[in-house]
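Architecture at a glance
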Amino acid sequence: MRLIPASAIDALRERIDPGLSGVLQRSAEIGFLGGMPIPEQIDHALGFAAVAEDILGGMPTSMIDLGTGGGVPGMVLACCWPESRVVLMDGSERRTEFLIESLRQIAVGRGAEVVLGRAEELGHRPDLREGFQVVTSRSFGAPPVTAECGSAFLEDGGILVVSEPPGSADEERWPSVGVARCSLVPDGRAEVEGRFGYQVLRKAGSLDARFPRRVGIPAKRPLF
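Residues numbered from 1 in each chain as written. Predicted model: local features only at pLDDT ≥ 70, side-chain atom pairs only at ≥ 80, totals over all residues. Heavy atoms only, no water.

As for the overall build of the chain
Scanning the chain for helices and strands turns up 10 helices and eight strands. For 224 residues, the compact-globule estimate of 2.2 N^0.38 gives 17 Å, and the C-alpha radius of gyration of the chain, at 16 Å, lies within 12% of that figure. For the chain, the spread of C-alpha atoms along the principal axes amounts to about 45 × 35 × 30 Å. Taken over 224 residues, the chain has a buried fraction of 54%. Excluding contacts between residues fewer than 6 apart, the proportion of contacts in the chain whose partners are at least 24 apart in sequence is 71%. One finds the centroid of the 24 positive side-chain charges in the chain at a distance of 6 Å from the centroid of its 30 negative side-chain charges. (Helix = DSSP H or I, 4+ residues; strand = E, 2+ residues; numbered from the N terminus. Rg over C-alpha atoms; globule rule 2.2 N^0.38 Å. Buried < 20%, exposed > 50% of the residue type's maximum accessible area, 1.4 Å probe, protein only. Contact = heavy atoms within 4.5 Å. Lys, Arg positive; Asp, Glu negative; His and termini not counted. Charge placed at Lys NZ, Arg CZ, Asp CG, Glu CD.)

Okay, structure coming up:
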């Protein structure tokens, strides 16, 4: 278990554009974010950054966020990692239009971009497949769906960081034999002082070209 101190979140908070809170508040008002208070949503998103930097020893070279939706953690990470390639992915045209407009209003690096599409399809796109050091997932789907789709974007040795309830058992939800079918290895859990939990999986080799399967199939016929 990696224990991330609250001080790590405090330090990361200084990288956030002051205008981000307003952008996320608008996102909540139009129904793209849940009811968690905006400061708490930002801190939860910063937890992804804290975990990734603790493992990698610094900022990643590239990151893609599965199903960014209303902006977390993707927009927060785009603020944290201005020198990195940061891709915010979502399957809704309405949400991606909001994300594109929102990125113009906050300070992010030139490597930040928004991509419209389903992960099952985008995972086969040559410019996206196995091209990222970090993949993040806040509420993308069940573990088998997240593993199959997320692995498609991860480079060999890269890490998938998934939001999980604090204290949940990783072997029950992320069995080693199951995630191995997605070329992933469980790499332990991380928690931010009991507030937020994250499961980490590491890419081990290339993903079979069959995966991810067609849209909807990973959920209908999970690999584990």
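Here the narrative resumes, following the displayed structure.
Some details on the sheet that holds strand β6 (residues 154-164)
Strand order across the open sheet formed by eight strands is β1-β7-β8-β6-β5-β2-β3-β4, with mixed pairing between neighbours. The sheet terminates laterally at β1 (2-4) and β4 (112-116), the two strands that pair on one side only. On average, adjacent strands in this sheet sit at an angle of 25° to one another, irrespective of strand direction. When strand β2 (residues 62-66) meets strand β3 (residues 85-90), the two strands line up parallel, connected through four bridges. Following the sheet pairing, Ile64 is matched in β3 by Val87. On top of the sheet, helix α5 (residues 93-103) reaches β3 and β4; it is set at about 170° to β4, its chief contact. (Pairing = 2+ DSSP bridges. Axes fitted to C-alpha atoms, helices over the stretch in contact; angles between N-to-C directions.)

Focus on the pairing of strand β5 (residues 132-137)
Across the six residues of β5, six count as buried, placing the element largely inside the fold. Inspection of the sheet shows β2 paired to β5 by four bridges, in the parallel sense. If you follow Leu66 over to β5, its bridge partner there is Ser137. Where β5 lies against β6, five bridges are found, and the strand directions are parallel. Paired with Phe132 across the two strands is Leu154, which belongs to β6. Chirality of the crossover, the property in question, places the unit of β5, helix α7 (residues 143-151) and β6 among those that are right-handed. (Right-handed = clockwise from strand over helix to strand, strands pointing away.)

Structural notes on the pattern of salt bridges
Summed over all chains, the structure comprises 17 salt bridges. Ionic pairing is found between Arg118 and Glu120, a salt bridge with its closest N-O pair at 3.2 Å. Here Glu120 falls in the buried class, since its relative accessible area comes to 7%. Arg189 is the partner of Glu191 in a salt bridge, and the nearest nitrogen-oxygen pair spans 3.4 Å. Given a relative accessible area of 11%, Glu191 falls into the buried group. Residues joined in a network through salt bridges with shared partners are Asp10, Arg13, Glu40, Asp43 and Arg195. (Salt bridge = Lys/Arg side-chain N within 4 Å of Asp/Glu carboxyl O.)

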